[in-house]
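Overview (structure and organization)
The residues making up each chain are set out below.
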Amino acid sequence: MPRPIPDSQIHLDRISPARRRALQQKLLQWYAVARRDVPWRRQRDPYAIWVSEVMLQQTQTAKVLEYYEPFLRRFPTLPTLAQAPLDDVLKAWEGMGYYARARHLHQAAQYVSASLQGELPRDYHALLAIPGIGPYTAAAIASIAFNRDHAVVDGNVERVLSRLFRVTVPPAESRGKQLLRALAQALLKSGQARDWNQAVMELGALVCTPRRPACGQCPAKNYCCAYNHLRDPARLPARRRKPPLPHHHLVVGLIWKEGRLLIDQRPARGLLGGLWEFPGATLAQGERHGTALRRALRRQLAVDTKVGRNLITLEHGYTHFRVTLHVYHCFHLRGEPQAVHCQRWKWVRPAELRNYAFSTANRRIIAALTKELGVA
């Protein structure tokens, strides 16, 4: 019985080897002229390239440009990052979101500094063995820093390849992800992985955009199955229907004592791990705000409080859920705080809040508090 033909080969056959070579040449020529001048493309320092690739995951280039050079001024080398307290790293990352990236970057830097003499290895599998570095980051470092033949597959690349080869399996499904990785590796321009990977990602960022792709300006249009055979190339990549996002209501306490506020640091692992916050809890169905907040503060920090007036109510979205935060001034009555459900706690003056790394939602609370108090 004949062996089944892999999905990737079926899709590759839609563009002949000669046309694939012509496509590679076209795209590299386009990239040489059209690529954006960004700081991480002006150097070959593997550490600096690594930082950029971690930042660029799930964050737009314009936002990364605000953080990249200040971060490198604060942590100019891998050893300086490894030696820095995690609190300092999270503070430098504050506002960019997806804080697990910062924790994994710090963890990996510590490992490389302690176990690999502070040098990032060139080999993909050696990079992948480093705690805190996953397949995407390992491929990015190996190819962009060391020009090794490993394809990088991010959202931009998934979109370009889905349209180029008319892939109808959603990238969110495991089969779709495996297929696109195989296509990316097969299409890679051997010996030019550094420029090739960046060219495909740049094409997705500038031309082959999620909505209204500029197909008329695309250097790959003559080779693109979606452009030549679909009425609307933006129908690809195929999308898996998403369920509606859960919505939670939270109560948050600004606990005052002698002009200071009580803040706590979240556990190192999990959502927003290692960040500081104002304590609070999820509201149970039908529960009164004051009752829920007093209960939560007693359970989480072992303090009794009097709940005062509302400071602000705000909406905030995360990747997998949305929240409404009901924020109240509270006043400490009794009890020495205990780190029951957090790493540690502190009493700080409002002006000192700027010294700690908070999530975006908590920074919005701080902005409202600062405005109310008139604190600079």
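Note that this is a predicted model, so its numbers are computed, not measured. (Residues numbered from 1 in each chain as written. Predicted model: local features only at pLDDT ≥ 70, side-chain atom pairs only at ≥ 80, totals over all residues. Heavy atoms only, no water.)

1. A few points about the overall build of the chain
Here is the rule: Strands here mean DSSP runs of E at least two residues long; helices mean DSSP runs of H or I at least four residues long; both are numbered from the N terminus. Each residue is assigned to one of three classes by its accessible area relative to the maximum for its type, calculated with a 1.4 Å probe on protein chains only: buried under 20%, partly exposed between the two thresholds, exposed over 50%. Contacts are residue-level and defined by heavy atoms, with any inter-residue pair within 4.5 Å sufficient. For the accessible areas, the method is Shrake-Rupley and the probe is 1.4 Å, while residue cover comes only from the protein chains on display. Charge convention: Lys and Arg are scored as positive, Asp and Glu as negative, and His as well as the terminal groups of each chain are ignored. A charge is said to be at NZ when it belongs to Lys, at CZ for Arg, at CG for Asp and at CD for Glu.
A count of helices and strands for the chain gives 15 helices and seven strands. Its C-alpha atoms put the chain at 75 × 50 × 45 Å along the principal axes. Within the chain, the proportion of its 376 residues that are buried is 49%. Taking contacts inside the chain between residues at least 6 apart in sequence as the whole, the part at least 24 apart equals 68%. Total accessible area on the chain is roughly 19,200 Å²; 50% of this is exposed by carbon and sulfur atoms. In the chain, the 56 positive side-chain charges and the 28 negative ones have mean positions that sit 6 Å from each other.

2. Focus: the pattern of salt bridges
Threshold: Just to be clear on terms, a salt bridge is a Lys or Arg side-chain nitrogen sitting within 4 Å of an Asp or Glu carboxyl oxygen.
Here the structure, examined in full by the defined rule, presents 13 salt bridges. A salt bridge links Glu202 to Arg36; the nearest nitrogen and oxygen atoms lie 2.8 Å apart. Here Glu202 is found in helix H12 (residues 193-206), whereas its partner Arg36 is found in the loop between helix H2 (17-34) and helix H3 (46-56), with 166 residues between them in sequence. A salt bridge links Asp37 to Arg42; the shortest N-O distance between them is 3.0 Å. According to the relative accessible area criterion, Arg42 is exposed, its value standing at 54%.

3. Looking at the nonpolar core
Short version of the rule: We call a set of buried Ala, Val, Leu, Ile, Met, Phe, Trp, Tyr and Cys residues a nonpolar core when their side-chain atoms join them within 4.5 Å.
With 84 residues, the main nonpolar core has Trp50, Phe71 and Leu164 as its most contacted residues. Filtering out sequence-adjacent residues up to four positions away, Trp50 remains in contact with Leu78, Leu105, Ala108, Ala109, Leu120, Ile133, Thr137 and Ile141. Among the nonpolar cores identified, the runner-up in size contains 21 residues, and Leu353, Ile365, Ile366 and Ala368 belong to it.

4. Side note on the pairing of strand S5 (residues 304-317)
Defined as follows: Whether two strands pair comes down to DSSP finding at least two bridges between them.
Here 11 bridges tie S5 to strand S6 (residues 322-334), and the two strands are oriented antiparallel to one another. Counterpart to Asn310 in the pairing with S6 is Tyr328. The turn linking S5 back onto S6 is made up of four residues.

5. Quick look at the state of the cysteines
The cut-off we apply is this: A pair of sulfur atoms, both from cysteines and within 2.5 Å, is called a disulfide here.
A full pass over the atoms with the stated rule returns zero disulfides. Distance from the sulfur of Cys218, which forms no disulfide, to the nearest cysteine sulfur (Cys208) is 6.2 Å. On the basis of relative accessible area, Cys218 is assigned to the buried category, the value being 13%. The closest cysteine sulfur to the non-disulfide-bonded Cys342 is located on Cys330, 16 Å from its own sulfur.

6. Structural notes on H12
Using the following cut-off: By definition here, a helix of n residues has an expected span of 1.5 Å times n minus one.
The end-to-end C-alpha distance of H12 is 20 Å, a good match for the 20 Å that 14 residues give at a rise of 1.5 Å each. Of all 14 residues in H12, 11 are buried, a share of seventy percent or more. On the buried face of H12, the contacting elements are H2, helix H9 (135-145), helix H10 (155-164) and helix H11 (174-187).

7. A look at the environment of Pro131
Positionally, Pro131 belongs in the loop between helix H8 (124-128) and H9. Along the sequence, Pro131 and Arg288 sit 157 residues apart, while their C-alpha atoms lie 44 Å from each other.

8. Some remarks on the side chain of Arg163
Its place among the elements puts Arg163 in helix H10. Beyond its immediate stretch of four places on either side in the chain, Arg163 contacts Cys208, Thr209, Pro210, Pro213, Cys224, Cys225, Ala226, Pro233, Ala234, Leu236 and Pro237.

9. Overview of the confidence of the model for the chain
Note: predicted coordinates in regions of low pLDDT should not be interpreted at a detailed level. Convention followed: For every residue, the pLDDT score states the predictor's confidence, bounded by 0 at the bottom and 100 at the top.
Considering every residue of the chain, the mean pLDDT works out to 93; 98% of them sit at 70 or more. Confidence drops under pLDDT 50 across residues 1-5; counting only partners more than four residues distant or on other chains, this segment forms one contact.

10. A short note on the packing of aromatic side chains
Rules: Note on aromatic contacts: the rings of Phe and Tyr and the six-membered ring of Trp form a pair at centre separations within 6.5 Å, being stacked when their planes are under 30 degrees apart, edge-to-face when over 60 apart, and tilted otherwise.
In total, this model carries seven aromatic pairs according to the counting rule given. A ring pair is formed by Phe278 and Phe358, whose centres lie 5.6 Å apart and whose planes are at 20 degrees; its orientation type is stacked. Pair noted here: Phe278 is in the loop between strand S3 (276-277) and strand S4 (280-282) and Phe358 is in the loop between strand S7 (344-348) and helix H15 (360-373), with a separation of 80 residues, a long-range link. Owing to a relative accessible area of 1%, Phe358 belongs among the buried residues under this scheme. Within the aromatic cluster, the residues linked to one another by ring pairs are Phe71, Phe75 and Trp93.

11. As for unusual backbone geometry
Look at the link from Leu236 to Pro237: it is a cis peptide, with omega at 0 degrees. Of note, Pro237 is situated in the loop between helix H13 (225-229) and strand S1 (247-257). Within the chain, Arg212 stands out as a residue other than glycine whose phi angle is a positive 55 degrees. Inspection of the secondary structure assignment puts Arg212 in the loop between H12 and H13. Look at Arg212 and you get exposed, because its relative accessible area is 80%.

12. Some words on the packing of H3 against helix H4 (residues 61-74)
Threshold: Fitted lines through C-alpha atoms serve as axes, helices being fitted only where they are in contact, and the angles separating the N-to-C directions of these axes extend from 0 to 180 degrees. Whether a crossing is left-handed or right-handed is set by the direction in which the near helix is turned from the far one by less than a right angle, anticlockwise for left-handed and clockwise for right-handed. Note on residue classes: Ala, Val, Leu, Ile, Met, Phe, Trp, Tyr, Cys and Pro are nonpolar, Asp, Glu, Lys and Arg are charged, and everything else, Gly too, is polar.
Remark: H3 packs on H4, axes separated minimally by 10 Å, with the N-to-C direction vectors making an angle of 145 degrees. Crossing of H3 over H4 shows right-handed handedness. Every residue of H4 that contacts H3 at Tyr47, Ala48, Ile49, Val51, Ser52, Met55 and Leu56 is listed here: Thr61, Val64, Tyr67, Tyr68, Phe71 and Leu72. Its residues assigned to classes, the contact of H3 with H4 comprises 11 nonpolar, two polar and no charged.

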